[in-house]
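# Coordinate inspection notes
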Amino acid sequence: MCGIIGYTGPKRAARILLEGLKRLEYRGYDSAGIAVNEDLENNDTPFTVYKRTGKIAQLREIVPKELPGICGIGHTRWATHGGVTDTNAHPHCSSDGRIAIVHNGIIENYTTLKEMLSKEGFTFASETDSEVIAHLIAYVYEGDLETAVKTAVSYLKGTYGIACMHKAEPGRIVGARNGSPLVVGVGDGEMFLASDVTAMLAHTRRVVYLNDGEIVSLYPHEFSISDAEDRPIVPKINHIDWEISAIEKEGFSCYMEKEIFEQPDSIARALSGRIDLETGTAKLGGLNLSKKELLGVDAIQIIAAGTSYHAGMTASYLFEQIARIPSQAHLASELRYKNPIVFPGMLYFAVSQSGETADTLYAMREIQRRGGTVLGICNVVGSTIARESDGGVYVHSGPEIAVASTKAFTSQLAAFYLLALNFARLHDMSAHQGQQYCQKLQQIPGLVQETLKLRDTVQRIAKRYCHYKDFLFLGRNLLYPIALEGALKLKEISYIHAEGYAAGEIKHGPIALISPETPSVFLVSNDHLREKTISNMKEIKARGGLIIAIAEAGDEEVSSIADAYIGIPHCDTLFQPFLMVIPLQLFAYFCALELGKDVDQPRNLAKSVTVE
Ligand code: M6R
């Protein structure tokens, strides 16, 4: 949510900032801007600022190609306070233009601060909460930016990741973090500060993650970190092993298409080195729980949002079915305020691709505050949830850039299938059953590859159905969360209204929606629930509804009832979620494409939601 980049070094800052912002655009894309120290000779002049609404491409149009300046900050915005206007775009400056700031987060007490600063004679140009930070720093500044930032943030209530510069301190960038991620990039004679590593991956792989309450001061050749009490922090330098190709489109029309087609590889990476065929178990090193502690787990609770919630919900079925441990998935935004229950033997998982989702992070902290153990299932290494959880599993799907999550979802499933196996093997599952399960899991990447061959079939169906205004997605058991995920994918990138339901539930209300104008997408499992789902399909047909069915290839009964049919490869019912979700992702993608929508950056959304 909002992207921040700062650069200080020998190169032209504007070029690096614009390139970094392009990488960060997925975090927010309603407006963007940069501020650079163009006039190094004269410290009394204001910073040079370019900002405008729209995408980074539009910002590029107004930034002179050869803009000088070797230190600068940039921002791509996802609006919270104040509409999408050029003035509300960041950077924001002090009245004399000599302090420039970019901010990610929400300043909850900004009206009080604005009143206080207005009385002191400061004038405000924008409607944003962020602008108060620039004036506040100006108000407390006494010749040292780091000290001023420390004092200024002590006035702030809310969340922030801030990067700022003062014209009187050329080449220096100061950053502060509370609740919104900030990462220092350590280069060779140059330094970066960004909201995530993708912004600087082309320049350095050596990064330092800031913790809440920390302040960083950067110069081209050095940086220092201190905490709120002014104690120096010894930085831990992490090495990022993502390839730059992982954040390129590599010939695909958009990131979402690339990420859908990467899934055989990303699932294989999530499983790699973690399956022990001999013992029929999984090897998961980072759980930080002894066998005895794992054996003592008698309830599993999962916290997540959006697509990660759907992965968690699928896992809750799995834990109950194969490990026989009561399990429930919770929407993080609900759980936090529900007065959640924690008791010995209860294990929590926080699932998050970005590892920065505020709802999930705050719910996790609430559980930990009550003495609960929370394991993280994250993709982004070094992310806040990954660092603050009590242990966990990285899903290794590689950077996911498209706002619509696809490959992270199937990698989260893979991690949960491994975890469920371990719990099952501690309870009822025999070694032989464990080995069979491992073999089936190993086949998933290949089966997903096969399923992706349905691309043209799904595209044809999407062309036929994309003009309908409402859809239902229906499934049972493990396929119910997958139906929810299919509906989420469709609404998020094509803006078509879609609802996911448990297929058995439609007769309790949603069936009233059925008409020739509302197609239903049925996910038909190949187990004892198949017949029941087929009965639900017939109920829809009897009421004039249209049906798109996804079932096993060669299921003539299903294909004869459905108006459109997608036949996925055969696999054990337990593993069908991996395959069923593929045509749903493709369907959403092709509908959005057909309707001319911006697939990677759908309206109103951002990849990483770091506000509540
Ligand atoms: O980074 P997270 O997995 O915590 O993100 C959670 C949701 O914001 C995310 O899954 C969102 O629903 C996606 N846009 C779905 O495609």
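Note that the coordinates shown come from a computational prediction; the quantities given were computed from them, not determined experimentally.

Turning our attention to the nonpolar core. Ranked by size, the top nonpolar core spans 128 residues in total, and within it Phe-349, Tyr-437, Phe-578 and Phe-587 carry the most contacts. No other element matches helix α19 (residues 576–594), which puts 13 residues into this core. Grouped together as the second largest cluster of nonpolar side chains are 27 residues, Phe-124, Ile-133, Val-140 and Val-149 included.

So, about the site of the ligand. Close to the ligand lie 14 residues; Ser-308, Ser-352, Ser-354, Thr-357 and Glu-492 are nearest. Contacts to the ligand include Glu-492, whose side-chain N or O atom sits 2.5 Å from an oxygen atom. Taken by itself the ligand offers 410 Å² of open surface, and the protein chains cover 91% of this. Going through the elements one at a time, α9 (306–323) and α16 (479–494) are the ones with two or more residues in the shell around the ligand.

Assigned domains within the chain: domain 1 (3–240), domain 2 (250–442) and domain 3 (451–600). Tallying the contact residues gives 32 residues for domain 2 and 25 residues for domain 3. Counting the surface lost from both domain 2 and domain 3, the interface buries some 2600 Å², and carbon and sulfur atoms represent 70% of this. If you look at where domain 2 meets domain 3, you find two salt bridges. Here Arg-455 makes a salt bridge to Glu-257, at a shortest N to O gap of 2.9 Å. Within the residue set of the side of domain 2 that touches domain 3, elements represented by two or more residues are α6 (255–261), α7 (263–271), α9, α13 (407–426) and α14 (431–452). Of the residues forming the side of domain 2 that touches domain 3, the biggest block, nine residues, is contributed by α9. Here the side of domain 2 that touches domain 3 is composed, by residue class, of 20 nonpolar, ten polar and two charged.

Spatial strand order, β19-β18-β20-β21-β22: five strands in an open sheet with parallel pairing. Looking at the sheet topology across the chains shown, the edges are occupied by β19 (327–331) and β22 (392–394). Across the sheet, the mean angle from the axis of one strand to that of its neighbour is 20°, orientation sign disregarded. In this structure, strand β20 (residues 346–352) lies alongside strand β21 (residues 373–378), joined through six bridges in parallel fashion. Counterpart to Val-351 in the pairing with β21 is Ile-377. Strand contacts of helix α11 (residues 358–369): β18 (299–304), β20 and β21, with the helix running at about 145° to β18, the strand carrying the most contacts.

Conventions we followed
Residue positions are given per chain, counted from 1 along the sequence in the order it is written. Selection of residues for local features in this predicted model requires a pLDDT of at least 70, selection of side-chain atom pairs for listing and counting requires 80 or more, and totals for whole chains, interfaces and linings are taken over all residues. Processing note: side-chain calculations cover all non-hydrogen atoms of the structure and skip hydrogens and water entirely. The criterion is simple. A nonpolar core is a set of buried Ala, Val, Leu, Ile, Met, Phe, Trp, Tyr and Cys residues joined through side-chain atoms within 4.5 Å. Only protein chains enter the calculation, and the probe is 1.4 Å; a residue is then buried if its accessible area is under 20% of its type maximum, exposed if over 50%, and partly exposed in between. In this description a helix means any DSSP run of H or I spanning at least four residues, a strand means any run of E spanning at least two, and both kinds are numbered starting from the N terminus. Consider each residue's heavy atoms; a residue with any of them within 4 Å of a molecule or strand counts as near. Residues adjacent in sequence count toward polar contacts only when both atoms are side-chain atoms; beyond that, a polar contact is any pair of N or O atoms within 3.5 Å, and within protein one must be able to donate a hydrogen and the other to accept it. All accessible areas in this document rest on Shrake-Rupley with a 1.4 Å probe, and a residue is counted as covered only by the protein chains that are shown. Boundary definitions for the domains trace back to an automatic or database domain assignment. Pairs of residues are marked as contacts when any of their non-hydrogen atoms sit within 4.5 Å. Buried area is a sum: the accessible area each of two parts loses on coming together, probed at 1.4 Å, counted once for each and added. Here a salt bridge means any side-chain nitrogen of Lys or Arg lying within 4 Å of a carboxyl oxygen belonging to Asp or Glu. Nonpolar residues are Ala, Val, Leu, Ile, Met, Phe, Trp, Tyr, Cys and Pro. Charged residues are Asp, Glu, Lys and Arg, and all others, Gly as well, are polar. A pair of strands is labelled paired if DSSP reports no fewer than 2 bridges between them. Under this scheme, a helix contributes an axis fitted over its contacting stretch, all axes are lines through C-alpha atoms, and angles between N-to-C directions fall in the 0 to 180 degree range.

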